[in-house]
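As a plain string of letters, each chain reads:
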Amino acid sequence: MKQTTIILLAMFFSTWSFGQVEETAPDVRVSVFSIFDTKIEKTDHGDGKKTWEISSGKAYEEQSFQEKKIKHSFEMNFDIGINTWVNSGDAPAVRPWGSWNPAINLSHSFQSHKNFSLKSMLGVSWYNFKFEDANIQALRGPEGIIFNEFEGEARKSKITSSYLNLTLIPTIHSNNGNFRIGLGPYLGYRLGGRGKLVAINENGNRDKIFQRANMFANDLRYGGRLEIGVGEIDLFVNYDFNNYFQTNKGPELNALSFGIIL
């Protein structure tokens, strides 16, 4: 009986390899575990980014993506882009320079094949629409937004809004990973908004006039996001399918943003 038990224990532990930590760089730590024919490798990059790799197969040390290799990665990135209006109708013209679209995103990527990954993102973005004519002032009226001519001298006029967004992007990669393209939907919930005009007073100083309320921007936004990457450069385009303003509260138009991912 004792001999049988010893044999069974030996067979079990021969399939299990306890974790080991490898120091690959000053700030990088790699932990490796193996269970039966499955290898689990966790990499801590030292900058808050962690990567998990799970490989299965008898020869997982020499295994490639063509067999089976699953990779998870978490990271924070930033969008720096420009906003504009599409189908603007009666809305004031928007100046691209100054109509910034910054965003902060937390993303998780799941890559089950070298040519395909699925990225999900949770983040906050800001719409800034700077009017081409600085003397146009956006006001919140009783029945909707009003665009009036400011009586005086103005240097800048704009409206803003911020959104909490959830995005899902299936992405296709080239064999060498130097080219990637992804397209997927997003849904956003409005967090805030306001109007702002910078005027010049009689003394030549600047006065900031705020409309400290939502300028009838929709509470929800939804649309499609395109991401294209070449080498170390990644670009994005966001297009809202729904109107920027609430129904019957402003011109019928759609928001378009494009820029670079950092």
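Residues numbered from 1 in each chain as written. Predicted model: local features only at pLDDT ≥ 70, side-chain atom pairs only at ≥ 80, totals over all residues. Heavy atoms only, no water.

K.L.:
Help me understand a positive patch on the surface in this model?
P.N.:
On the surface, a cluster of positive charge is contributed by R194, R206, K208 and R212. Turning to its location among the elements, R206 is positioned in strand β12 (residues 206-211). (Patch = residues over 30% accessible without salt bridge, like charges linked within 9 Å, V, L, I, M, F, W, Y side chains within 5 Å. Areas by Shrake-Rupley, 256 points an atom, 1.4 Å probe, with all protein chains shown as cover. Salt bridge = Lys/Arg side-chain N within 4 Å of Asp/Glu carboxyl O. Lys, Arg positive; Asp, Glu negative; His and termini not counted. Charge placed at Lys NZ, Arg CZ, Asp CG, Glu CD. Helix = DSSP H or I, 4+ residues; strand = E, 2+ residues; numbered from the N terminus.)

K.L.:
Quick question: what am I supposed to make of the pattern of salt bridges here?
P.N.:
Side chains that carry opposite charge are capable of pairing whenever their charged atoms lie near each other. Taken as a whole and assessed by the stated rule, the structure comprises eight salt bridges. Two residues, R95 and E132, come together in a salt bridge whose shortest N-O distance is 3.7 Å. A residue pair is termed long-range when its members are at least 10 positions apart, and R95 in the loop between β5 (69-86) and β6 (103-113) and E132 in the loop between β7 (116-130) and β8 (136-140) qualify at 37 residues. The exposure class assigned to R95 is partly exposed, which follows from its relative accessible area of 31%. Judged by relative accessible area, E132 falls into the partly exposed class, the value being 40%. Between D219 and R190 there is a salt bridge whose closest N-O contact spans 3.0 Å. In this pair, D219 is assigned in the loop between β12 and β13 (220-230) and R190 in strand β11 (residues 179-200), connecting sequence segments 29 residues apart. You can call D219 partly exposed: its relative accessible area is 37%. Taking relative accessible area as the criterion, R190 reaches 18% and is therefore assigned buried. Within the structure, one salt-bridge network assembled from shared partners comprises D79, K119, R225 and E227. (Buried < 20%, exposed > 50% of the residue type's maximum accessible area, 1.4 Å probe, protein only.)

K.L.:
Got a minute to help me understand a nonpolar patch on the surface in this structure?
P.N.:
On the surface, M76, F78, I80, I104, L106, W126, I233, L235, I260 and L262 cluster together into a nonpolar patch covering about 910 Å² of accessible area. Put simply, the parts of the chain that give the nonpolar patch at least two residues each are β5, β6 and β14 (233-240). Mapping I233 onto the fold places it in strand β14.

K.L.:
Looking at this structure, how should I read the pairing of β13?
P.N.:
With 11 bridges joining them, β11 and β13 adopt antiparallel strand pairing. By the bridge assignment for β13, P185 is matched with G224. Inspection of the sheet shows β13 paired to β14 by eight bridges, in the antiparallel sense. Directly across from R225, in β14, lies its bridge partner N238. Two successive antiparallel strands, β13 and β14, enclose a turn made up of two residues, where G231 displays a positive phi of approximately 65 degrees. (Pairing = 2+ DSSP bridges.)

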